[in-house]
Amino acid sequence: MKRALFPGSFDPLTMGHLETIRRGAKLFDELIVGVFVNSNKSSLFTMEEKLMLVKEAVADISNVRVIAQETELTVVAAERLGANFLLRGIRSIKDYEYEREIMEMNQHLNPEIETVFLLAQSQYSHISSSLIKEVLLFDGNVQAYLPKNVYQMMMEKKGEINEK
Ligand code: ADP
């Protein structure tokens, strides 16, 4: 049984994340999307909102499961879930440098767990959750980069922010 964990903060889920999930799901028997709180980044969505959005967006992919990941080492979460693989996406050289360090450290912590990288598709390789939030704040159109349900909730949130 090949089970992989795809950990991320998904604040919010973008089309780039979703494509990586779709492609990753074809490589493994089961892919678990671990939604966690990244303490280095301020969060726009609550954990409950992020979980709901990711679950809705992957509902049509039968071998994908979505969980709230506790604040702990990723390899420890993977071990507990019985996942021998970690899945991560790489958009650029910048991601590569960062992801390589994490991969080396995870290998040191648990050599049994292999990290698998997927290169971002070119139409999504320049997008990140933070860039999308920034553009949306200034009324830029980012609809093409977000799953429908995520876009809707972002527009609602923006409405709330503008009312304050
Ligand atoms: P983290 O806070 O762990 O970086 P993110 O939600 O930002 O969480 O990203 C989760 C994973 O998805 C990372 O491996 C990241 O490189 C990948 N990723 C982010 N944006 C994209 C994209 N546009 N295309 C492909 N992969 C992406």
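Here is a short report on the structure shown in this document. (Residues numbered from 1 in each chain as written. Predicted model: local features only at pLDDT ≥ 70, side-chain atom pairs only at ≥ 80, totals over all residues. Heavy atoms only, no water.)

### A short note on the packing of aromatic side chains
Then comes step 1: Taken as a whole, this structure holds 2 aromatic pairs when the rule is applied.
Then comes step 2: Ring centres of F6 and F10 lie 5.4 Å apart, and the angle between their planes is 65°; on these two criteria the pair is classed as edge-to-face.
Then comes step 3: Where F28 meets F85, the ring centres are 5.3 Å apart and the plane angle is 45°; that geometry is what we call tilted. Here the residue F28 occupies a position in the loop between helix 1 (15–27) and strand 2 (30–35), and F85 occupies one in strand 4 (residues 85–90), the gap between them amounting to 57 residues.
Then comes step 4: Between K157 and the ring centre of F45, over which it is positioned, the NZ or CZ distance is 5.3 Å. (Phe/Tyr/Trp six-rings, centres within 6.5 Å; stacked < 30°, edge-to-face > 60°. Helix = DSSP H or I, 4+ residues; strand = E, 2+ residues; numbered from the N terminus. Lys NZ or Arg CZ within 6 Å of the ring centre and 35° of its normal.)

### Description of a nonpolar patch on the surface
Then comes step 1: A cluster of nonpolar side chains, L73, V76, M105 and L109, forms an exposed patch at the surface whose accessible area comes to about 340 Å².
Then comes step 2: Secondary-structure assignment places V76 in helix 3 (residues 74–81). (Patch = residues over 30% accessible without salt bridge, like charges linked within 9 Å, V, L, I, M, F, W, Y side chains within 5 Å. Areas by Shrake-Rupley, 256 points an atom, 1.4 Å probe, with all protein chains shown as cover. Salt bridge = Lys/Arg side-chain N within 4 Å of Asp/Glu carboxyl O.)

### Re the nonpolar core
Then comes step 1: If you look at the biggest cluster of nonpolar residues, it comprises 35 residues, and the most contacted ones within it are I21 and L31.
Then comes step 2: Broken down by secondary-structure element, the contributors of at least two residues to this core are strand 1 (3–8), helix 1, strand 2, helix 2 (47–57), strand 3 (64–68), strand 4, helix 5 (129–137) and helix 6 (148–163).
Then comes step 3: Ranked by residues supplied to this core, first place goes to helix 2 with 5 residues.
Then comes step 4: Apart from the residues lying within four places of it in its own chain, the contact partners of I21 are F6, L13, L31, V33, V58, I61 and V64.
Then comes step 5: If you look at the next biggest cluster of nonpolar residues, it comprises 10 residues, including I67, L81, A83 and I113. (Core = buried A, V, L, I, M, F, W, Y, C linked by side-chain atoms within 4.5 Å. Buried < 20%, exposed > 50% of the residue type's maximum accessible area, 1.4 Å probe, protein only. Contact = heavy atoms within 4.5 Å.)

### Topic: helix 2
What sets the pattern is the α-helix's 3.6 residues per turn: residues three or four places apart point alike.
Then comes step 1: Those residues of helix 2 not exposed but buried are M47, K50, L51, L53, V54 and A57. Buried residues of helix 2, viewed axially, fall in a sector of 165°; they line one side. (Arc of directions from axis to C-beta.)

### Digging into helix 1
Then comes step 1: With 13 residues, helix 1 should reach 18 Å at 1.5 Å per residue; the first-to-last C-alpha distance of 19 Å fits that figure.
Then comes step 2: Taken residue by residue, helix 1 has M15, G16, L18, E19, T20, I21, G24 and A25 as its buried positions.
Then comes step 3: Looking at the packing, one finds that the buried side of helix 1 touches strand 1, strand 2, helix 2, strand 3, strand 4 and strand 5 (114–119).
Then comes step 4: One side-chain oxygen at the N-terminal end of helix 1 lies 3.2 Å from the backbone nitrogen of G16; it belongs to T14. (Expected span 1.5 Å × (residues − 1). Polar contact = N/O pair within 3.5 Å; in protein donor to acceptor, adjacent residues only side chain to side chain.)

### Side note on the sheet that holds strand 4
Then comes step 1: Read from one edge of the open sheet, 5 strands run 3-2-1-4-5, paired in parallel fashion. A strand with exactly one partner marks an edge of an open sheet, and here the two such strands are strand 3 and strand 5. Each strand axis lies, on average, 30° off the axis of its neighbour in the sheet, ignoring direction.
Then comes step 2: By the bridge criterion, 6 bridges tie strand 4 to strand 5 in an arrangement that is parallel. Bridge pairing links L86 to T115 in strand 5. (Pairing = 2+ DSSP bridges. Axes fitted to C-alpha atoms, helices over the stretch in contact; angles between N-to-C directions.)

### Some points on unusual backbone geometry
Glycine aside, a negative phi is what most residues show, and trans is what most peptide bonds show.
Then comes step 1: Cis peptide bonds are those with omega within 30 degrees of zero, and the linkage from D11 to P12 qualifies with 0°.
Then comes step 2: Topologically, P12 is positioned in the loop between strand 1 and helix 1.
Then comes step 3: Positive phi values are uncommon outside glycine, yet F10 reaches one of about 45°.
Then comes step 4: Taking the relative accessible area as the measure of exposure, F10 reaches 3% and is therefore buried.
Then comes step 5: Even without being glycine, D139 reaches a positive phi, approximately 70°.
Then comes step 6: A relative accessible area of 62% places D139 in the exposed class.

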